[in-house]
Amino acid sequence: MHQRTRAILHIDLDAFYASIEQRDQPEYRGKPVIVGGSPNRRGVVATASYEARKYGVHSAMPSRTAYRLCPQAIFLPARFEVYRAVSQQIMAIFRKPTALVEPLSLDEAYLDVTDTAPHLDEAARLASEIKRQIWDQTHLTASAGISYCKFLAKIASDAHKPDGLTVISQDDASAFLGALPIEKFFGVGKVTAAKLRELGIQTGGDLKQLGEERLRDLFGKQGGQLYQYACGVDDRPVEPVRERKSVGKEVTLERDIRDPREMERILENLALQVERRLAELGIAGRTLTLKVRWSSFELVTRAASRAQGFQSAQDMLPVLRTLLAGLVDGKRAVRLLGVMVSGLLSPDELLHVRQFVAPSLWEEERV
Ligand code: DCP
Ligand code: MG
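Residues numbered from 1 in each chain as written. Chains lettered and ligands numbered in written order. Predicted model: local features only at pLDDT ≥ 70, side-chain atom pairs only at ≥ 80, totals over all residues. Heavy atoms only, no water.

**Focus on the overall build of the chain**
- Assigned secondary structure in the chain consists of 14 helices and 13 strands.
- Overall, the chain is about 60 × 55 × 45 Å in size when its C-alpha atoms are taken along their principal axes.
- Restricting to contacts in the chain with at least 6 residues of sequence separation, those with at least 24 account for 65%.
- Accessible surface, the chain as shown: approximately 18,900 Å² in total, 51% of it carbon and sulfur.
- The chain carries 51 positive and 47 negative side-chain charges, and their two centres are separated by 4 Å. (Helix = DSSP H or I, 4+ residues; strand = E, 2+ residues; numbered from the N terminus. Contact = heavy atoms within 4.5 Å. Areas by Shrake-Rupley, 256 points an atom, 1.4 Å probe, with all protein chains shown as cover. Lys, Arg positive; Asp, Glu negative; His and termini not counted. Charge placed at Lys NZ, Arg CZ, Asp CG, Glu CD.)

Structure below.
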């Protein structure tokens, strides 16, 4: 069946939290601003203004490191309610030209605009109009990527940040992908990238040359998909409604570990990332799940639930430690750790349970 060519936009605001802080406090404009945890405590950077990025500061870096790199920076705590309100404004702008809007986080979304603007030059004009509306309504800048598939639209929006607008047509795709570093490919994490680099694979061009079969041998199904991306093929649809069932983070370790204290440190980091995502969404969840994959690849999960929910890393950590202690024996090595919160509670429900439900003991359950 012949599939018609699509027009996909990816729109992503620039230095989102930091730009909002600079917008609301004019004295911070033009200055390095870092939003996130305090450098005195064990916080991490949520984002940094472009002025601070020049010093090497970036998202997910410990705030203490950021302070060392840029001591003159203005450190600010996150104001999630404000960011959420801005997010609603921009999502409403995205939904005017099409109902096919797939938000990826507070500040970015895919839009399938094939019906409104089938040709990429029309789609680019629409993107520019959306950027103008964002500026008029929020006084923030966004970067737009326009292409015939999701993967390339996202790469395009990242290509000329901040305030960028980049089109990658079918004709441009192969040159663009050929030069693209492997880390930029969707689905390539640290572990995959390291493995590829060991083989001397640096770019999309190298990936394509390696060939589909070899990539499948190395990475299974994911390898096959990687090959498709390297060829500029990505048929994933823009999926407008994705009801969220859980919020989770997991990491495949660079080497297998046995030391429970090391595992706890990794869990702490994961819990902080889950906390951030929950805070962004303004939700909590009743059930906390610990996921462990042994070096034998066997996967085990342990979960605990409590009525008043899990919202912060502080809520999660004691429970994660107990769940972990029930699993590790010092003999088997761990290859992957994950933390997930499910049974999500809306802000209203959260308020209700925090007010009316007394803290109860959590129960362990096997899932
Ligand atoms: N964020 C975070 N922790 C991360 C990554 C992001 O708290 N590890 C938050 C802060 C960002 C927002 O999410 O402002 C949006 O994430 P982006 O990746 O889009 O980053 P920015 O919008 O800050 O910068 P860019 O201009 O690179 O898009
Ligand atoms: Mg952004």
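**With respect to the side chain of Asp107**
- Here Asp107 is to be found in the loop between strand E5 (101-105) and strand E6 (108-112).
- For the buried residue Asp107, which engages in no salt bridge, the nearest side chain bearing the opposite charge is Lys161, 5.8 Å off.
- Every residue in contact with Asp107, bar those within four places of it in the chain, is listed here: Ile11, Asp12, Leu13, Phe16 and Ile90. (Buried < 20%, exposed > 50% of the residue type's maximum accessible area, 1.4 Å probe, protein only. Salt bridge = Lys/Arg side-chain N within 4 Å of Asp/Glu carboxyl O.)

**A short note on the coordination of the magnesium ion (ligand 2)**
- Binding of the magnesium ion (ligand 2) to the protein goes through Asp12 (OD), Leu13 (O) and Asp107 (OD), at separations of 2.0 to 2.2 Å.
- Geometry at the magnesium ion (ligand 2) is octahedral, judged from its six donor atoms and the angles of 83 to 179° they form at the metal. (Donors = N, O, S within 2.8 Å, 3.2 Å for Na, K, Ca; no water. Tetrahedral: all angles 85-135°; square planar, octahedral: opposite > 155°, others 65-115°.)

**Looking at helix H1 (residues 16-24)**
- Within H1, seven of the nine residues are buried, which leaves the element mostly enclosed by the surrounding structure.
- For H1, the full list of buried residues reads Phe16, Tyr17, Ala18, Ser19, Ile20, Glu21 and Gln22.

**Structural notes on the sheet that holds strand E3 (residues 45-48)**
- Strands sit in the order E3-E2-E4 across an open sheet of three strands; the sheet is mixed. Two strands in the sheet have a free side with no partner beyond their single neighbour: E3 and strand E4 (74-76). The average undirected angle you get between the axes of adjacent strands in this sheet is 25°.
- With three bridges connecting them, strand E2 (residues 33-36) and E3 associate as antiparallel partners. When the sheet's bridge partners are listed, Gly36 is paired in E3 with Val45.
- Against the sheet, H1 makes contact with E2, E3 and E4, and its axis sits at roughly 120° relative to E2, the strand it touches most. (Pairing = 2+ DSSP bridges. Axes fitted to C-alpha atoms, helices over the stretch in contact; angles between N-to-C directions.)

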